[in-house]
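Tertiary structure, described
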Amino acid sequence: MGFIDELKVKAKADLKTIVLPESMDRRTFEAAEKIAKEGIAKVAIIGTAEEIAKNGAGFDLSGVIIVDPYEDPNKQKYIDKFVELRAKKGVTPESAKEQMEKDYMYYACLMCKCGDADGVVSGACHSTGNTIRPALQLLKTKPGINSVSGFFLMEVPDCTLGYNGLFVFADCAVNVDFDAEKLSEIAYLSAESFRSFVGAEPKVAMLSYSTKGSAKHDDVTKVTDAVALAHEKYPNIELDGELQLDAALVESVGQLKAPGSKVAGHANTLVFPSLEAGNIGYKLVQRLAKANAYGPVLQGLAMPVNDLSRGCSADDIVGVVAMTAVQAQQ
Ligand code: ACO
């Protein structure tokens, strides 16, 4: 059974309500029909009667919850919650209502915040920034977590490295700038993500262009500082660095460059030193190794919200909904 099929089985065991706010896109309806038919989640679409009629035509939406943002009896509750959360940022009842009607991502996050939904999947026709920002503003981080980051679950075919070809790569999506402290937190969250999605022990490599002091530069020091912080704050995680990618993945290279390391040569969770490295790295593996790249999945948010690629198919949406539902179960 493939990774996504296993997740679907988990999702079906405890049905969660996942919102798809992009009723302006037909892929949303195609995915919703499949999700409802397969029983992966209770699925809700936000849209007016006109939007549903136009973009949902031809799909069987009998198992799908439709939330009309102009007729919804819960709307005032969401406006009140929005004002309660963001009054200090200048949000008034009028501006809250306007924002929710203009951008259904805000509406979806408020449904989660008020306990009427368990997660959101969006981004088929919105940028990553516009998908993530409402979640950061309204749902915030989990207790004890400072920063949300984004990982990809990489499934590399015919690969014995990592955990039989399964890896977590992070941060590939969110933090444009980060220091050693943020990097150590990304490592912690990535280890937790690996454990919960793959069900095996994470071995975290803190990647660099240097292995164990082979090069000296502030960029290398950022990684070694993050390693020291992670060892101090999260002593139960098997983590090592700084490691070059080959030392992290290939046993013979790992033994040569980082002798005695329990992670070198066996890493399954790769933490990149910058967003450029992470974003380019996952796309290289996706395109050249023909890997499945599931994500970006957000880690560290108080409730699960996940982004889609704008080139996604309806089946990709179904897969990300299954991941979101499993996150919501946890
Ligand atoms: N974790 C937690 N909260 C955060 C984070 C974070 N990483 N980043 C911002 N916030 C909070 C801020 O504290 C702020 O909260 P407040 O309004 O209550 O004070 C709120 O989010 C908005 O922050 P801003 O800095 O105003 O938001 P910004 O416009 O910078 O957006 C964003 C943040 C969307 C994450 C931005 O950093 C971004 O666009 N990142 C890159 C996304 C991207 O383009 N990724 C690559 C493509 S993804 C792909 O290829 C699959």
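This structure is a prediction, so every number in the text was calculated from the model and none was measured.

Criteria and cut-off values
- Positions within a chain are numbered from 1, following the residues in the order the chain's sequence is written.
- Where totals are concerned, whole chains, interfaces and linings use all residues; where local detail is concerned, this predicted model gives features only for residues with pLDDT of at least 70, and gives and counts side-chain atom pairs only at 80 or more.
- Heavy atoms throughout the structure, all of them, feed into the side-chain values; hydrogens and water do not.
- In this text, helices come from DSSP runs of H or I with a minimum length of four residues, and strands from runs of E with a minimum of two, each type numbered from the N-terminal end.
- For the exposure calls, accessible area comes from a 1.4 Å probe over protein chains only, and a residue counts as buried if that area is under 20% of its type's maximum, exposed if over 50%, partly exposed in between.
- Any two residues whose heavy atoms approach within 4.5 Å at even a single point are treated as in contact.
- With axes taken as lines fitted to C-alpha atoms, and helix axes fitted only over the stretch in contact, angles between N-to-C directions fall between 0 and 180 degrees.
- It is the rotation of the near helix from the far one that decides the hand of a crossing: anticlockwise by less than a right angle makes it left-handed, clockwise makes it right-handed.
- Under this grouping Gly is polar, as are all residues other than the nonpolar Ala, Val, Leu, Ile, Met, Phe, Trp, Tyr, Cys and Pro and the charged Asp, Glu, Lys and Arg.
- Here a residue is considered near a molecule or strand provided that any single heavy atom belonging to it is located within 4 Å of it.
- Within 3.5 Å is the distance limit for a polar contact, defined as a pair of N or O atoms, with the added protein rule that one can donate a hydrogen and the other accept it, and that residues adjacent in sequence qualify only through two side-chain atoms.
- Stacked, tilted and edge-to-face pairs are distinguished by plane angle, under 30 degrees for stacked and over 60 for edge-to-face with tilted covering the rest, among Phe, Tyr and Trp rings (Trp via its six-membered ring) whose centres lie within 6.5 Å.

This brings us to the overall build of the chain. Within the chain, the secondary structure is distributed over 14 helices and 11 strands. Considering only C-alpha atoms, the chain reaches an extent of 65 × 45 × 30 Å along its principal axes. Here the chain, with 330 residues, has 53% of them falling under the buried criterion. Residue pairs at least 24 apart in sequence account for 71% of intrachain contacts in the chain once pairs closer than 6 positions are excluded.

At a minimum axis separation of 9 Å, helix α4 (residues 75–86) and helix α5 (residues 93–102) run at an interaxial angle of 115°. Here α4 runs over α5; the crossing is right-handed. Of the residues in α5, those in contact with K75, Y78, I79, F82 and V83 of α4 are P93, A96, K97, Q99, M100 and E101. Along the lines of polarity and charge, the residues of the contact of α4 with α5 split into 7 nonpolar, 1 polar and 3 charged.

Turning our attention to the site of the ligand. Taken together, 20 residues form the shell around the ligand, and within it R86, R133, K140, V148 and A173 come nearest. Between an oxygen atom of the ligand and a side-chain N or O atom of R86, the distance comes to 2.7 Å. A distance of 2.8 Å separates an oxygen atom of the ligand from a polar atom in the side chain of R133. Of all the elements in the fold, those that place two or more residues in the shell around the ligand are α7 (128–138) and α13 (275–288).

Bringing the packing of aromatic side chains into the picture now. Tallying each qualifying case throughout the model produces 9 aromatic pairs. A ring pair is formed by F151 and F197, whose centres lie 5.8 Å apart and whose planes are at 55°; its orientation type is tilted. Highlighted residues: F151 in strand β5 (residues 149–155) and F197 in helix α9 (residues 180–198), separated in sequence by 46 residues. This pair shows no difference in class: F151 is buried, exactly as F197 is.

Another aspect to go through is helix α6 (residues 104–113). Counting buried positions over the 10 residues of α6 gives 9, a clear majority of the element. All buried positions along α6 are accounted for by Y104, M105, Y106, Y107, A108, C109, L110, M111 and C112. At the N-terminal end of α6, a side-chain oxygen is found 3.0 Å from the backbone nitrogen of M105, two or three residues along, and the residue is D103. G115, located one to two residues past α6, shows a positive phi value of around 85°.

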